[in-house]
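This is what each chain is made of:
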Amino acid sequence: MWYISTRGLAPRVDFEGALFSGYAPDGGLYVPEELPQLDGETLRQWRSLSYPSLVKELCSLFIGPELIPRDDLNGLIDRAFSRFCHEDVVHLCRLVQGLNVLELWHGVTRAFKDLSLSCTAQFLQYFLEKREKHITVVVGTSGDTGSAAIESVLEAKNVDIIVLLPKGRCSRIQELQMTTVLRENVHVFEVEGNSDQLDVPIKAVFADLPFVEKHNLMSLNSVNWSRVLVQMAHYFFAYFRCAPSLDGCPLPTVEVVVPTGAAGNLAAGCIAQKMGLPIRLVAVVNHNDIIHRAIQQGDFSLSEAVRPSLASAMDIQMPYNMERIFWLLSGSNSQVTRALMEQFERTQSVQLPKELHGKLSEAVTSQSVSDEAIARAMGRCWEENRYLLCPPSAVAVSYHYQQMDGQQPSTPRCCLAPASAAKFPEAVLAAGLTPETPEDILALEHKETRCTSMQREDDWTLMLRDTVEHLSQRWRGGSPNASA
């Protein structure tokens, strides 16, 4: 299995090459050169598999045994999920009114990012131990990615991680899950800006290819193909748990409702769909609605500003994984994708070509959900089920309630739940409900914190480069445990 850039101007790489990269050298994202096709018989055979077994089957299709032999791959995935607190790793909760909620948040940081990042970190460690190499991971976060990335590499001897978080724009708990980690390989920066703005210095650093190569830089954001690969398993698991029967032909369709910001999870769903999984995708966003406008009107353009919302982890206007979706739906046309993305980078505004927009609106439907609707969905779900939703999950459930109340013809539907409500007590209170906060989360308030401020007047790119160079020098100097 080879990987190519969505923009078509970079050499192809194997899984290891894609794993250790951020952006491809031409500014694109890595995608599989060919997608395996799954027939009905394979899907029927997979129906009874556990979530970890589905991850193993999918990963074996995209990671050659010459890179990671199958027994080693199985062991890495088992280790990745060993710290999850639910025996099934992922759990489908069946509630009243036909509401199916797929809980993706039973990992250490109580967010769906734990699923893909725990596996990705195991793959990294596997190759690093063989190569005796040190890397520096750079991550931008709007809330959950940072803490999940930190947890995933915490014990790694040859990995430093730099995390940029947007000051005052994460929940208090999300922030504390990052700033209370005082390990010497963890370096957290608090940026006076939003999550799109903090992506700018990260992309600038990754654009300097000699610098990236010299310092072994990589990204664990969902620009990384490994993240998207593992997330494909959500859709197969949701399908098998919600489809009424796989005995007939054609196989039944299941609608999967995807709350999304940077579109990594959505890209994974589009790829699963292209591989033959009979799902209908619904992308749901908050009032930062660039994905919704792209699907509905072909309008892929920035609004004037990112608007803070109850679902703060989705407060994103530059959903970089849409590039993978454009490539996929344009028939793997790197020329079209490159022209679109280069225009978007120049002008922050693109009208999708008519044919591509038609393919996009065929593959995915969408809805934008207001803060008021988020709070209503949280309240209604509690009233009907005594079940607390996090705000991004409520974005998905709001769509479900609208369909039920409108008495739309009912296809089996599954709402992805990306995080536990325990991480968002402020939003739970705003919805007029009582937070349920576990002891380990309450304990965060009493821990020492550490982070470095990136103020508006600072040169963020320079600060990031200086930190990377310092970590590299420290490692090469033979004192990986010295204080930064």
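No experiment lies behind these values; they were computed from the predicted model shown.

Visitor: Which residues make up the overall build of the protein chain, and what values go with them?
Guide: Helices and strands together make up the secondary structure of the protein chain, namely 20 helices and 15 strands. For 484 residues, the compact-globule estimate of 2.2 N^0.38 gives 23 Å, and the protein chain sits close to it at 21 Å. Seen along its three principal axes, the alpha-carbon backbone of the protein chain occupies a region of about 65 × 50 × 45 Å. Looking at the 484 residues of the protein chain, the share that counts as buried comes to 61%. For the protein chain, the share of sequence-separated contacts (at least 6 apart) that also reach a separation of at least 24 residues comes to 76%. Approximately 18,700 Å² of the protein chain is accessible, and the part contributed by carbon and sulfur atoms is 48%. Positive and negative charge centroids in the protein chain, built from 43 and 57 side chains respectively, lie 2 Å apart.

Visitor: A description of the packing of helix 3 (residues 51-62) against helix 4 (residues 70-80) should follow, citing residues and the corresponding values.
Guide: It is the contact of helix 3 with helix 4, at a shortest axis distance of 10 Å, that shows an interaxial angle of 140°. It follows that helix 3 is oblique to helix 4 by the angle criterion. In the packing of helix 3 onto helix 4, the handedness of the crossing is right-handed. Contact residues: helix 3 offers P52, V55, K56, E57, C59 and S60, while helix 4 offers R70, L73, N74, I77 and D78.

Visitor: Give me the side chain of E16: which residues, what numbers.
Guide: Mapped onto the secondary structure, E16 falls in helix 1 (residues 15-19). A polar contact is formed between the side chain of E16 and the side chain of R131, at a distance of 2.7 Å. Setting aside its immediate chain neighbours within four residues, E16 contacts L67, F127 and R131.

Visitor: Before we move on, can you summarise the sheet that holds strand 15 (residues 452-454) with the specific residues and values?
Guide: Taking strand neighbours across the sheet as the criterion, the 5 strands line up as 8-5-6-7-15 in an open arrangement whose pairing is parallel. Strand pairing shows two members of the sheet lacking a second neighbour, strand 8 (217-219) and strand 15, which therefore form its edges. The sheet shows a mean angle of 25° between the axes of neighbouring strands, taken without regard to direction. Summarising the sheet, strand 5 (residues 135-140) and strand 8 pair through 3 bridges and their orientation is parallel. Among the inter-strand pairings, V138 is bridged to a residue of strand 8, identified as S219. Against the sheet, helix 6 (residues 145-153) contacts strand 5, strand 6 (159-166) and strand 7 (186-191), and its axis sits at roughly 165° relative to strand 6. Of the strands in this sheet, strand 6 and strand 7 are in contact with helix 7 (residues 172-179), which crosses strand 6 at around 155°.

Visitor: Let's hear about empty space enclosed by the protein: which residues, and what values?
Guide: Scanning all chains against the criterion turns up 3 cavities of 30 Å³ or more. Estimates place the volume of the largest cavity at around 370 Å³. In terms of lining, the largest cavity is formed by 27 residues, of which the most central are K113, S142, A262, A313 and I316. For the lining of the largest cavity, the secondary-structure elements that each account for two or more residues are helix 8 (195-207), helix 10 (225-242) and helix 11 (264-274). For the lining of the largest cavity, the leading source of residues is helix 8, giving 3 residues.

Visitor: Any details on unusual backbone geometry? Residues and values, ideally.
Guide: In this model, C249 is joined to P250 through a cis peptide bond whose omega is 0°. Among the structural elements, P250 can be located in the loop between helix 10 and strand 9 (254-259). With a phi close to 65°, Q97 is a non-glycine residue in the positive phi region. With respect to the secondary-structure elements, Q97 resides in the loop between strand 3 (91-94) and strand 4 (100-103). The backbone of Q348 sits at a positive phi, close to 60°, despite the residue not being glycine. Structurally, Q348 can be placed in the loop between helix 14 (334-347) and strand 12 (349-351). We classify Q348 as partly exposed; its relative accessible area is 33%.

Visitor: How would you explain the sheet that holds strand 14 (residues 413-417) if you had to name every residue and give the values?
Guide: If you walk across this open sheet you meet the 6 strands as 3-4-14-9-10-13, and the pairing is mixed. Each end of this open sheet is capped by a strand with a single partner; those strands are strand 3 and strand 13 (364-368). Averaged over all pairs of adjacent strands, the angle between strand axes in this sheet comes to 25°, irrespective of strand direction. For strand 4 and strand 14, the ladder comprises 3 bridges, and the chain directions are parallel. Counted as the bridge partner of V101 is C415 from strand 14. The strands touched by helix 12 (residues 290-297) are strand 10 (279-285) and strand 13; relative to strand 13, the strand with the most contacts, the crossing angle is about 130°.

Visitor: Describe in detail the nonpolar core, supporting the description with residues and values.
Guide: Residues F15, Y51, F123, Y235, F236, F300 and L360 are the most contacted members of the largest nonpolar core, which totals 117 residues. For F15, the contacting residues outside a window of four places in its chain are M1, Y3, F62, I63, L67, F123, F127, W225, S226 and L229. Counting 32 residues, the second-largest nonpolar core is a separate cluster that includes C93, W105, V369 and C381.

Visitor: So what's going on with the packing of aromatic side chains? Residues and values would help.
Guide: In the structure shown here, the tally under the stated rule is 14 aromatic pairs. Relative to F240, the ring of Y239 lies with its centre 5.8 Å away and its plane at 70°, an arrangement referred to as edge-to-face. There is no split in this pair, since Y239 and F240 are both buried. Over the aromatic face of W2 sits the side chain of R12, whose NZ or CZ is 4.2 Å from the ring centroid.

Conventions we followed
Residues numbered from 1 in each chain as written. Predicted model: local features only at pLDDT ≥ 70, side-chain atom pairs only at ≥ 80, totals over all residues. Heavy atoms only, no water. Helix = DSSP H or I, 4+ residues; strand = E, 2+ residues; numbered from the N terminus. Rg over C-alpha atoms; globule rule 2.2 N^0.38 Å. Buried < 20%, exposed > 50% of the residue type's maximum accessible area, 1.4 Å probe, protein only. Contact = heavy atoms within 4.5 Å. Areas by Shrake-Rupley, 256 points an atom, 1.4 Å probe, with all protein chains shown as cover. Lys, Arg positive; Asp, Glu negative; His and termini not counted. Charge placed at Lys NZ, Arg CZ, Asp CG, Glu CD. Axes fitted to C-alpha atoms, helices over the stretch in contact; angles between N-to-C directions. Parallel < 35°, antiparallel > 145°, perpendicular 65-115°, else oblique. Left-handed = near helix turned anticlockwise from the far one by under 90°. Polar contact = N/O pair within 3.5 Å; in protein donor to acceptor, adjacent residues only side chain to side chain. Pairing = 2+ DSSP bridges. 1 Å grid on protein atoms, 1.4 Å probe; cavity = no way out; pocket = protein on both sides within 12 Å on 5 of 7 lines; lining within 4 Å. Points joined across faces, edges and corners; volume = space filled by probe spheres on them. Core = buried A, V, L, I, M, F, W, Y, C linked by side-chain atoms within 4.5 Å. Phe/Tyr/Trp six-rings, centres within 6.5 Å; stacked < 30°, edge-to-face > 60°. Lys NZ or Arg CZ within 6 Å of the ring centre and 35° of its normal.

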